[in-house]
Amino acid sequence: MSTLHRISNLIGGKDFPGDGYERRNPADPSDLVSVSPASGADAVDAAVTAAGDAQPGWASLPAPARGAILMDAAEILRGRHEEIARDLVREEGKTLAEARGEVRRAIDVFRFFGSEGWRLGGPTLPSSQPDTLVHTRREALGVVGLITPWNFPIAIPAWKMAPALIAGNAVVLKPAELTPVSTRHLADALVQAGLPAGVLNVVHGAGPVVGEALVTDPRVAAVSFTGSTTVGMHIERTVHERRGRVQVEMGGKNALVVLDDADVEQAAQIAAAGGFALTGQACTASSRVICTPGVYEAFVAALTKQAERYRPGNGLDGGTLMGPVVSEQQLAGVTAAIERARDEGVTFAAGGDAPQGLMLAPTVLTGAGRESAVARDEIFGPVVAVLVAEDLDDAIELVNDSRYGLAAAVCTQSLAHAQRFAARVRAGVIKVNRPTTGLDLNVPFGGVKDSSSNTFREQGTVATEFYSWSKSVYMGWDD
Ligand code: NAD
């Protein structure tokens, strides 16, 4: 039987229920997954107060003791891996394999930053003065606000929370409206592992209400946001205006380049994995493929065959490679982009039929102009536009001719081509013979241009830099 989750805000260690939002399974609307609060600014105010009260005690714990709580939380998540993955499929729609991988990622992120508790610190440097030692300390910022999207509702909160907590901050998290259950599982694991009351607070509600209250609260020292470029840029401006610290990770229009010397079958598999897996709802999804002329026709045929494998279905059914689009609103945006492309005269090598409920077939478009919306705008659905470039240099120019710079990939057997691509493409993540999607948790992640604030990176050990500040201590003595 499917559980109905009644989600509460978590403020100062106490639960505050609410039922302003109802979330139904996108693959099965008869399955009511959760009810959750539509909070007001007063809940954010209370959460920031609770976080401010709890933070000094948390920061004064030895870092390895903070890390031990993250490690224990990872073990709790591991014990509930399957249950949490199934809830993630029900509320977001991704496939069970994708959901299992995402929960696994949260477990590993908690372990990684748990062990960072043994390593946090700054360099010790020689002083120009005699009998003086200089060392640097990294101090917690205080209260930090985290705002997260629905597409990775466990992994993204985990990769923001874990470095924030290990660095000694208290957190107020505002999860996406569509996916409150996933975040609740993370919070439960941390509470059960012994996280002191008030160190993590979760407030559910609308972005323009709860998110806005968090972003404008002067007691919130830093805001880390992942989501759309429009909202991210607004948050960046707002936090800068009050001289807070801000990190925004936003959209992408990620390109996969397929050169004449590529293995065509492998390139089509890579394009399908990058474009259709996760229903194309990944910030690093490949939503445009740029082929050189010698490979174009064979590639389109191979990708069209791949598209058949990604027929959409219920993520809980074994064998489903692609789940539904997350919501009616998201589907409306994706189908509007497809219809606009149709009006502009593109050819559908795959897809193009009306969706069934939220099930949208993988769509492969050819013949789109370089300036067309489908070739330039983020779509965030299983839609891939295949374009043609004259050669590698033209392809690189086309990749870079974008407001975004998140991820890019090239399929080639030439080391020289791969190196030229890696050196010249302006994107935060470059892949060679691998999909644009898929990241390692120990590797810095972020983009350039309108994809990212491009200041502090997320993930890997560098992630703690955003959540801490550096202090230089000159220690002198007299013999
Ligand atoms: P979104 O911007 O609509 O929402 C993201 C979060 O911001 C949600 O919690 C939302 O409630 C909140 N929000 C909305 N308006 C707000 C406001 N005025 N003030 C404060 N908070 C507000 O994005 P989404 O639809 O949830 O996610 C999809 C987008 O996220 C895509 O553009 C995708 O590319 C991007 N994304 C980026 C990355 C990355 O690392 N670069 C990762 C995943 C998703």
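Residues numbered from 1 in each chain as written. Predicted model: local features only at pLDDT ≥ 70, side-chain atom pairs only at ≥ 80, totals over all residues. Heavy atoms only, no water.

**Q** Which parts of the structure should I look at to understand helix α1 (residues 41-60)?
**A** What sets the pattern is the α-helix's 3.6 residues per turn: residues three or four places apart point alike. When the terminal C-alpha atoms of α1 are compared, their 29 Å separation across 20 residues agrees well with the 28 Å that a helix rising 1.5 Å per residue should span. At A54, α1 is bent by approximately 35°, the largest bend along its length, and proline P56 sits one to four residues beyond. Taken together, the buried positions of α1 are A43, V44, A47, V48, A50, A51, A54, Q55 and W58. (Helix = DSSP H or I, 4+ residues; strand = E, 2+ residues; numbered from the N terminus. Expected span 1.5 Å × (residues − 1). Bend = angle between axes of the 7 residues up to and from the residue. Buried < 20%, exposed > 50% of the residue type's maximum accessible area, 1.4 Å probe, protein only.)

**Q** Can you walk me through the nonpolar core in this structure?
**A** What tends to happen in soluble globular proteins is that the nonpolar side chains get buried as a cluster. If you look at the biggest cluster of nonpolar residues, it comprises 62 residues, and the most contacted ones within it are F110, L190 and L200. Residues lining this core come from more than one domain, with at least three contributed by each of domain 1 (5-250 + 452-474) and domain 2 (254-432). The contacts of L200, once residues within four sequence positions are left out, are L10, M161, V171, L173, A187, L190 and L195. Formed by 31 residues, the second largest nonpolar core is a distinct cluster that contains L358, L360, L398 and A427. (Core = buried A, V, L, I, M, F, W, Y, C linked by side-chain atoms within 4.5 Å. Domains from an automatic or database assignment. Contact = heavy atoms within 4.5 Å.)

**Q** Got a minute to help me understand the pattern of salt bridges in this structure?
**A** Between side chains of opposite charge, a pair can form as their charged atoms come close. Under the definition given, this model contains 28 salt bridges. Between R184 and D15 there is a salt bridge; the shortest N-O distance is 3.0 Å. Taken as a pair, R184 in helix α6 (residues 180-192) and D15 in strand β3 (residues 14-17) lie far apart in primary sequence, 169 residues in all. D393 is the salt-bridge partner of R424, the closest N and O atoms lying 3.1 Å from each other. Taken together, the residues span a long stretch of sequence, with R424 in helix α14 (residues 415-424) and D393 in helix α13 (residues 392-400) at a distance of 31 residues. Judged by its relative accessible area of 46%, R424 falls in the partly exposed class. Residue D393 is classed as partly exposed on the basis of its relative accessible area of 36%. In this structure, a network of salt bridges that share partners links the residues E75, R78, R104, D108 and R111. (Salt bridge = Lys/Arg side-chain N within 4 Å of Asp/Glu carboxyl O.)

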